[in-house]
Amino acid sequence: ERDEWRREKRAWEQERDENKAEKEHLRAQRDEEKEKYAQAVRKNKDGTHDLEMTVADLSGKLARQIDYIARLKSSQSASERECGTLKTKLETLQAQAEANSKGLEVAMSEVRRSRLKLTDALSKLTESESTVVSLRQQVASLRQQVA
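Here, residues in each chain are numbered from 1, in the same order as that chain's written sequence. Totals for whole chains, interfaces and linings use all residues, but because this is a predicted model, local features are given only for residues with pLDDT of at least 70 and pairs of side-chain atoms are given and counted only at 80 or more. With hydrogens and water stripped out, all remaining heavy atoms of the structure feed into the side-chain values.

**Digging into the overall build of the chain**
Move 1: Secondary structure elements follow DSSP: runs of H or I no shorter than four residues count as helices, runs of E no shorter than two count as strands, and numbering proceeds from the N terminus. Within the chain, the secondary structure is distributed over 1 helix and 0 strands.
Move 2: Relative to a compact globule of 147 residues, whose C-alpha radius of gyration would be 15 Å, the chain shows 61 Å and is clearly more extended.
Move 3: The dimensions of the chain, computed from C-alpha atoms along their principal axes, are 210 × 20 × 15 Å.
Move 4: Residue exposure (1.4 Å probe, protein chains only): buried if accessible area is under 20% of the type maximum, exposed if over 50%, otherwise partly exposed. Residue burial in the chain is summarised as follows: out of 147 residues, 0% are buried.
Move 5: Throughout, the Shrake-Rupley method with a 1.4 Å probe supplies accessible areas, and for residues the shown protein chains are the sole cover considered. Looking at the chain as shown, the accessible area adds up to about 13900 Å², and 55% of this sits on carbon and sulfur atoms.
Move 6: Here the positive residues are Lys and Arg and the negative ones are Asp and Glu; neither His nor the chain ends is included. Charged groups are reduced to one reference atom each: NZ for lysine, CZ for arginine, CG for aspartic acid, CD for glutamic acid. One finds the centroid of the 30 positive side-chain charges in the chain at a distance of 11 Å from the centroid of its 28 negative side-chain charges. Here the globule rule is a power law, 2.2 Å times the number of residues to the power 0.38, and the radius of gyration is based on C-alpha atoms.

So this is what it looks like as structure tokens:
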């Protein structure tokens, strides 16, 4: 009976030791899993922080690009308005140039007519001078005959 009791005691002690060993193994495995989990959580937090920083950086860049596009659109609108103003001025200047050209044509025509009249008057004056010279000669001849 004693031998059987010792065998049972040894079996229980062996089972207890095996249970303790398994418990230690499970505890070590649990601690290792906890550490892996903690490392994964830290890594995720770091990754999340990096992503948040990247998102913030990209948001800032996007905001700057939106501002730049708004400034470009504003500048484009101003340029379009200025272009419209310049186009109107150009049309006005073209109309003035056309009117001036017509006025110049009329003035040149008047100058030609005046030149013709002047040439005609000059011819008549030359004829009149010739007539006056001829009449003076006749008067001088008649004076000589009367004298």
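**Quick look at the pattern of salt bridges**
Move 1: One side-chain nitrogen of Lys or Arg within 4 Å of one carboxyl oxygen of Asp or Glu is enough to make a salt bridge. For the structure shown, the criterion picks out 10 salt bridges.
Move 2: Residue R16 is joined to D17 by a salt bridge in which the shortest nitrogen-to-oxygen separation is 3.6 Å.
Move 3: Taking the relative accessible area as the measure of exposure, D17 reaches 42% and is therefore partly exposed.

**Quick look at a negative patch on the surface**
Move 1: On the surface, E1, D3, E4 and E8 cluster together into a negatively charged patch.
Move 2: Mapped onto the fold, E8 is located in helix α1 (residues 2-146). Two distance rules govern patches: like charges are joined within 9 Å, and nonpolar side chains (Val, Leu, Ile, Met, Phe, Trp, Tyr) within 5 Å, applied only to residues with over 30% relative accessible area and no salt bridge.

**Quick notes on a nonpolar patch on the surface**
Move 1: Taken together, the side chains of Y68, I69 and L72 define a hydrophobic patch exposed on the protein surface, amounting to about 290 Å² of accessible area.
Move 2: Along the polypeptide, L72 turns up in helix α1.

**A closer look at the environment of A99**
Move 1: Examined against the element boundaries, A99 turns out to sit in helix α1.
Move 2: Looking at A99, the relative accessible area reads 46%, which means it is partly exposed.
Move 3: Along the sequence, A99 and D50 sit 49 residues apart, while their C-alpha atoms lie 72 Å from each other.

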